[in-house]
Amino acid sequence: LAQAIRAFASRYYRRRPPRSARAKASRAMGAGASSLATVRRYVYRGSEVQKAAAGPPVEQCDAKLPEVAGWKQELDALQEHPTLLMEERFEALRSPGCGCRIGRAEHRAITLPQLCALRAYMQGYDFVSRSGEPLGTESVNLYDVVTHIVKPATALAKVSYVELVATGPQHPRWFVSHWWGEPVLQFVQCLSQHSADRGLSAESPYWVCAYANNQWNVQGEVGDDPRSSAFHAALQQVDGTVSVLDEKRVCFTRVWCGYEIFVSLDAPPFPGFLYDIYTMAGQTAVGLADGYNYADMKRANCRQIDKNTREAGFPIQTVVDALSTKIQDAKASVEADRRHILNVIVDAPLNDQPPERHQLYDRLNRLLAGRFAAASWRNAVVTGIPLGGLQNSLAVSGLDNFAVSFHGYPIANRANLPALTPALPYQTLKRLELDLSCTQEGDAAVCELLEKLQEAPLARFHLSLLHADRCTGASTRALARLLAARRGTLRRLKLDPANASTDSDIEALAEAMPSELTHLELCLAFADKVTGAGVRALCAKLPPNLEFLSFRKLQGAGDARALADRLQTDPARSRLAFLDLDYWGCKALGDAGLMYLAERIPCGLRVLKLQLHDTATTDVGLVVAAEAIGKPLRCGLVQLELSLDASEAITDETLKALASSIGSIPPGARTFKHLHIGLNRTRASFEGVKALVESFPEGLDYFDMQICMNQLSDAEWDMLALEMLPGCNKRANGSNCEFSWGTQDRFDYGCTF
């Protein structure tokens, strides 16, 4: 036992245990040393004493454990040094207490704070090149950092850099594909921007090979077969890959980067695996995101606009270089790695001579080029860059999704559809999002595109023709023909038909509506020629298996009754989890229509949004509606958004009825987390607001109330803010005030695509 204690101390600490500690260890052994040694060996790890070898229990041993454990705590208190040793000059790289063994390299991801600590350490380090010339910090690359910092810092412990600075396993959230020759400061800046754009926490780790692999045993962790390497294992655990591109795009010529792209695009670990691309544009990091990220979703109705704005600065030359990338021409520092990776891509024996040409090389090259072409299409059109190369790359890419928006750019939108129509990969396209708002194209170009789309196996489709002044009902009827052709495959549909659509056009759309839809969003907000007859035709043809329904803009009581009847008679109505109904400015909606609809709201809803801004409803209808909302509240409703703005007939009675419904939720079944209520220009007073606030259940994460500032006195505002809702936020905007607490970031129920 004494030998084990001394071995532990000498291995994990710089100096031997003090004499008093060794004496205590000797006393702990007592007279039964030989029995203890032969029956059980004790190994000390951290602050616990663990039994490491099997054997019959010995009472002597168990009786000595408390004393030995007490000695171990005393020894820990005497030592100042972390578990893994490093030279004192590198101590600034980690926080006190850090340093641990992490057996699996794929669990050695690095966090942004750890990268920032490395960056801060670099600022005061004197780097020299291989020729002995001084290097400026801004030009130091990963080769230099490994040579001057990573390997010297890990020299004593012979571990990876992450093991030196971590307190335990750090499972990766994102995999980073990059070239070591890029300046480290730019690399960290790109990852910082990616983390902010994706809305990741500071502790969300990135897997970076240089820091995860033990640089003293790289071959042992990489191995011969890329499929059994730490690279591949890490890729199986992450949400996606972020490629950090250097200024000269050398990463496209490195075979390990090619393998990482191959796994991410051609052989992803699971459907929905993400692939983001980041680089430097001058002094700013900018990226092309796979789909929409956190930064794009802050304004739910403007996500494509925000995405376009964020990605507008991406260097177009990077896109041009990507179009000509050929994985078969990539290089590696170790020729065997190149041979093994190329053989994995073409599914050949590892040690064979890889072929110079292969259809699987071509497929990967087309996927990468197509991804860049799709992400940069809008920027190319807006800036006037020739589209020939992008057209060819996109058409043969084999991509299954494409999204583009020209909202706000009507001039650049001219003649865009004739260029886009032959470029789409129709044979593989399953998800298409086209925002052609304000387009200058007419029916001919739109109809040609919609006719071609009948060939595509679309499962998700979004088309917006809002304010497309040159489009008429002919475009809506072409859209109906597309829906009829895609019955059996289409599952999610979001439509904003042309403003010039009429009732007959909408009725044709209703007749063609695929019954297999589970997700439907319709916006008729600017279709002024559509009357209640057209809306009722749509309501009557709603698919039976809907789980998500958003309808804007409804016309009146007749629509409410038609929709309510459809919701009630549908045998599968319990599947509906999201219901968003917009009656903004509908004076034809009165109390009778609202009550009829409210009493037929499905109980199984998770999200309910009712937009009753400036309608003719009063307390009579809203009290009944508030009481009816109690049913889904008691059955698991999570989010409720109720806009009553500009409804001047509304008083505290509505708020008290809503408070009663919220208060009726059984304490053990409360799932209600999110409440938004708009009360601008109503007759609600402090008493009604107080009753509502007092009904809030424990665990409510987010509350947002918008109310005219003159509806409450300063004293009443102070009472709400300081006594009833401590920690809330109050933001004034003109004569209105938004009063909220919590964070809305976690609520993405409205993020439909």
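Residues numbered from 1 in each chain as written. Predicted model: local features only at pLDDT ≥ 70, side-chain atom pairs only at ≥ 80, totals over all residues. Heavy atoms only, no water.

1. Thoughts on the overall build of the chain
Step number 1: Counting its regular elements, the chain contains 28 helices and 22 strands.
Step number 2: Per-residue burial for the chain yields a buried fraction of 54% across its 753 residues.
Step number 3: In the chain, the proportion of contacts linking residues at least 24 apart, taken out of those at least 6 apart, comes to 78%.
Step number 4: Total accessible area on the chain is roughly 31500 Å²; 49% of this is exposed by carbon and sulfur atoms. (Helix = DSSP H or I, 4+ residues; strand = E, 2+ residues; numbered from the N terminus. Buried < 20%, exposed > 50% of the residue type's maximum accessible area, 1.4 Å probe, protein only. Contact = heavy atoms within 4.5 Å. Areas by Shrake-Rupley, 256 points an atom, 1.4 Å probe, with all protein chains shown as cover.)

2. Considering the packing of helix α16 (residues 359-383) against helix α17 (residues 388-395)
Step number 1: Two elements in contact, α16 and α17, have axes whose closest approach is 8 Å; the angle formed by their N-to-C orientations is 135°. As far as their axial angle goes, α17 and α16 are oblique. Relative to α17, the crossing made by α16 is left-handed. Contact with α16, carried on its side by R366, A369, G370, A373, A374, S376, W377 and A380, involves L390, Q391, S393 and L394 of α17 and no other residues of that element.
Step number 2: Here the contact of α16 with α17 is built from residues that sort into 7 nonpolar, 4 polar and 1 charged. (Axes fitted to C-alpha atoms, helices over the stretch in contact; angles between N-to-C directions. Parallel < 35°, antiparallel > 145°, perpendicular 65-115°, else oblique. Left-handed = near helix turned anticlockwise from the far one by under 90°. Nonpolar A, V, L, I, M, F, W, Y, C, P; charged D, E, K, R; others polar.)

3. Considering the pairing of strand β11 (residues 431-435)
Step number 1: Most of β11 sits out of view: 4 of its 5 residues are buried.
Step number 2: Summarising the sheet, strand β10 (residues 401-405) and β11 pair through 5 bridges and their orientation is parallel. Pairing of V404 across the sheet is with L434, part of β11.
Step number 3: Assessed by its sense of winding, the connection that carries the chain from β11 through helix α19 (residues 443-452) to strand β12 (residues 460-464) is right-handed. (Pairing = 2+ DSSP bridges. Right-handed = clockwise from strand over helix to strand, strands pointing away.)

4. Here we look at the nonpolar core
Step number 1: Formed by 206 residues in total, the largest nonpolar core has its most connected members in V145, Y211, F372, W377, F402, L453 and F461.
Step number 2: With 10 residues, α16 is the single largest residue contributor to this core. (Core = buried A, V, L, I, M, F, W, Y, C linked by side-chain atoms within 4.5 Å.)

5. Some remarks on the packing of aromatic side chains
Centre-to-centre distance and the angle between the planes together describe a pair of aromatic rings.
Step number 1: On inspection of all chains with the given rule, the structure shows 13 aromatic pairs.
Step number 2: Ring geometry for Y121 versus Y125: centroids 6.0 Å apart, planes at 40°, classification tilted. The two residues Y121 and Y125 agree in class, both being buried.
Step number 3: When the centroid spacing of 3.9 Å and the interplanar angle of 10° are considered together, the rings of F548 and F578 count as stacked. In this pair, F548 sits in strand β15 (residues 548-552) while F578 sits in strand β16 (residues 578-582), placing the two residues 30 residues apart along the sequence.
Step number 4: Taking the relative accessible area as the measure of exposure, F578 reaches 5% and is therefore buried.
Step number 5: Grouped by ring-pair contacts, the aromatic residues F175, W207, F231, W256, Y259 and F262 constitute a single cluster.
Step number 6: One Lys or Arg, K307, reaches over the ring of Y292 and ends 6.0 Å from the middle of that ring.
Step number 7: Lying over the aromatic face of Y596, R561 brings its terminal NZ or CZ to 4.5 Å of the ring centre. (Phe/Tyr/Trp six-rings, centres within 6.5 Å; stacked < 30°, edge-to-face > 60°. Lys NZ or Arg CZ within 6 Å of the ring centre and 35° of its normal.)

6. Looking at the state of the cysteines
Step number 1: Counting across every chain of the model gives 0 disulfides.
Step number 2: Sulfur of C635: no disulfide; nearest cysteine sulfur belongs to C603 and is 4.8 Å away.
Step number 3: Judged by its relative accessible area of 51%, C635 falls in the exposed class. (Disulfide = S-S within 2.5 Å.)

7. As for the environment of G488
Step number 1: Relative to the elements of secondary structure, G488 occurs in the loop between α20 (473-485) and β13 (492-496).
Step number 2: When its relative accessible area of 37% is taken as the criterion, G488 is described as partly exposed.
Step number 3: Along the backbone, G488 and L517 are 29 residues apart, and their C-alpha atoms lie at a distance of 8.9 Å.

8. Some details on unusual backbone geometry
Step number 1: Of note, R249 is a non-glycine position whose phi angle comes to about 55°, a positive value.
Step number 2: Along the chain, R249 turns up in the loop between β7 (240-244) and α12 (255-266).
Step number 3: For H467, which is not glycine, the phi torsion reads 60° and is therefore positive.
Step number 4: On the secondary structure map, H467 appears in the loop between β12 and α20.
Step number 5: By relative accessible area, H467 is classed as partly exposed at 33%.

9. Remarks on the environment of P269
Step number 1: Position of P269 relative to the elements: it lies in the loop between α12 and β8 (274-281).
Step number 2: Look past the residues within four positions of P269 in its chain and what remains in contact with it is L235, Q236 and V263.

10. So, the pattern of salt bridges
Step number 1: Counting across every chain of the model gives 23 salt bridges.
Step number 2: Here R173 and D239 are joined by a salt bridge, their closest N and O atoms 2.4 Å apart. One end of the pair, R173, is in the loop between α7 (161-165) and β5 (174-178); the other, D239, is in the loop between α11 (230-235) and β7, and 66 residues separate them in sequence.
Step number 3: By relative accessible area, R173 is classed as partly exposed at 34%.
Step number 4: A relative accessible area of 30% places D239 in the partly exposed class.
Step number 5: The salt bridge involving R552 is made with D580; its shortest N-O contact spans 2.7 Å. Placement of the pair is R552 in strand β15 and D580 in strand β16, with a sequence separation of 28 residues.
Step number 6: R552 gets classed as partly exposed once you look at its relative accessible area, which sits at 28%.
Step number 7: Take D580: its relative accessible area is 6%, and that puts it in the buried class.
Step number 8: Sharing partners across several salt bridges, the network here consists of D197, D296, K307, R310 and E311. (Salt bridge = Lys/Arg side-chain N within 4 Å of Asp/Glu carboxyl O.)

11. Side note on the sheet that holds strand β9 (residues 284-288)
Step number 1: Here we have 5 strands laid out as an open sheet, ordered β6-β5-β7-β8-β9, and mixed in their pairing. Both edges of this open sheet fall to β6 (206-207) and β9, since each of them pairs with a single strand only.
Step number 2: Two elements, β5 and β6, share 2 bridges in a ladder whose sense is parallel. Bridge pairing in β6 links W174 to Y206.
Step number 3: Relative to the sheet, α16 contacts β8 and β9, its axis offset from that of β8 by approximately 65°.

12. A word on the confidence of the model for the chain
Step number 1: Averaged over all residues, the pLDDT of the chain equals 82, while 81% of them reach at least 70.
Step number 2: Predicted confidence is poor over residues 77-82, with pLDDT under 50, and the contacts of this stretch with residues over four places away or in other chains come to 12 contacts.
Step number 3: Throughout residues 741-753 the model reports pLDDT below 50, and contacts reaching past four residues in sequence, or to other chains, amount to 46 contacts. (pLDDT = per-residue confidence, 0-100.)

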